Amino acid sequence: MPQTPDTISTLRDVLTRCRTLAVVGLSPQWHRPSYFAAKYMQAHGYRIVPVNPLVAREGGSILGERAYATLREADAAVRAEGGRIDMVDCFRKSEDIPPLADEAVAIGARCLWLQLGVFNDAAAERAEAAGLQVIQNRCVKIEHARLFGGLGWAGVNTRVISAKRPTVLPY
């Protein structure tokens, strides 16, 4: 069983410390969830490093960033610029996660983030044993919006945030 606590403070800490995100499985199609999540994070000051072998093979880019075929290739390019990949954000099937977890460990990432519906306890345990924080079954965009006030960006009308109990409920 993975050990990273699934708490608000853990999520807030991860999203504060991890500023360069390698998004594995990032689609170039604007209507895909991976594209929308990455675009949101990029708009909020995070660096996005696309990992998509099909786009990389053609020498393409996604969201204005060059795409790479593998996580190791992306890491080498980011390190050549003097940076590092902090988070590996996986938009892949659960069964595809073990080799990605091993690569995340090998490149020295701080966090392995598995998107909604993606679980792999064995891979999570290996990554945690190597010192990574592992978040499973959560969307990085949703959690950022929830914890840092970005819900309005997605069209959610939050009206006023207050600790006072409303006298009239809006429904």
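Fair warning: this is a prediction, and the values are worked out from it, not measured in the lab.

Draft legend 1. Summary view of the layout of surface pockets. What the largest pocket holds in volume is close to 310 Å³. Lining of the largest pocket is provided by 17 residues; of these, Arg 32, Pro 33, Ser 34, Phe 91 and Gln 115 occupy positions nearest its centre. Of all elements in the fold, only helix H2 (33–43) and helix H7 (140–148) reach the threshold of two or more residues within the lining of the largest pocket. No other element matches the 4 residues that H2 contributes to the lining of the largest pocket. Residue classes in the lining of the largest pocket are distributed as 9 nonpolar, 5 polar and 3 charged. Reported here for the second largest pocket is a volume of approximately 260 Å³. Surrounding the second largest pocket, 13 residues form its lining, Val 24, Gly 25, Val 51, Pro 53 and Arg 92 being those nearest its centre. When residues of the lining of the second largest pocket are traced back to their parent elements, those giving at least two are helix H3 (53–57) and helix H5 (97–107). Grouping the constituent residues of the lining of the second largest pocket by class yields 8 nonpolar, 3 polar and 2 charged.

Draft legend 2. Geometry of the side chain of Thr 20. Structurally, Thr 20 is set in strand S1 (residues 20–24). With sequence-adjacent residues up to four places away left out, Thr 20 is seen in contact with Arg 47, Val 49, Arg 84, Ile 85, Asp 86 and Met 87.

Draft legend 3. Structural detail: the environment of Phe 148. Its place among the elements puts Phe 148 in helix H7. When the C-alpha positions of Phe 148 and Leu 15 are compared, they lie 9.4 Å apart, and in sequence the two are 133 residues distant. For Phe 148, the residues in contact, after removing those within four places along its chain, are Arg 12, Leu 15 and Thr 16.

Draft legend 4. Region of interest: the pattern of salt bridges. What the rule picks out here adds up to 11 salt bridges. Arg 17 is the salt-bridge partner of Asp 13, the closest N and O atoms lying 3.2 Å from each other. Residue Asp 13 and its partner Arg 17 are both found in helix H1 (residues 8–17); the two are separated by 4 residues, about one turn of the helix. For Asp 13, a relative accessible area of 31% gives the class partly exposed.

Draft legend 5. Examining the nonpolar core more closely. Leu 15, Leu 21, Met 41, Met 87 and Trp 113 are the most contacted members of the largest nonpolar core, which totals 27 residues. Of all the secondary-structure elements, those providing two or more residues to this core are H1, S1, H2, H3, strand S6 (111–114) and H7. Not counting the four nearest positions on each side in its chain, Met 87 is found in contact with Val 14, Leu 15, Cys 18, Thr 20, Leu 21, Ala 22, Cys 111, Trp 113 and Val 140. With 26 residues, the next largest nonpolar core counts Ala 77, Ile 85, Cys 90 and Ile 97 among its residues.

Draft legend 6. Inspection of the packing of H5 against helix H6 (residues 121–129) at higher detail. Relative to each other, H5 and H6 sit at 10°, their axes nearing to 9 Å. The angle between H5 and H6 falls in the class roughly parallel. Along its contact with H5, which presents Ile 97, Pro 98, Ala 101, Asp 102 and Val 105, the element H6 presents Ala 123, Arg 126 and Ala 127. Taken together, the residues of the contact of H5 with H6 break down into 6 nonpolar, no polar and 2 charged.

Cut-offs used in this document
- Residues numbered from 1 in each chain as written.
- Predicted model: local features only at pLDDT ≥ 70, side-chain atom pairs only at ≥ 80, totals over all residues.
- Heavy atoms only, no water.
- 1 Å grid on protein atoms, 1.4 Å probe; cavity = no way out; pocket = protein on both sides within 12 Å on 5 of 7 lines; lining within 4 Å.
- Points joined across faces, edges and corners; volume = space filled by probe spheres on them.
- Helix = DSSP H or I, 4+ residues; strand = E, 2+ residues; numbered from the N terminus.
- Nonpolar A, V, L, I, M, F, W, Y, C, P; charged D, E, K, R; others polar.
- Contact = heavy atoms within 4.5 Å.
- Salt bridge = Lys/Arg side-chain N within 4 Å of Asp/Glu carboxyl O.
- Buried < 20%, exposed > 50% of the residue type's maximum accessible area, 1.4 Å probe, protein only.
- Core = buried A, V, L, I, M, F, W, Y, C linked by side-chain atoms within 4.5 Å.
- Axes fitted to C-alpha atoms, helices over the stretch in contact; angles between N-to-C directions.
- Parallel < 35°, antiparallel > 145°, perpendicular 65-115°, else oblique.

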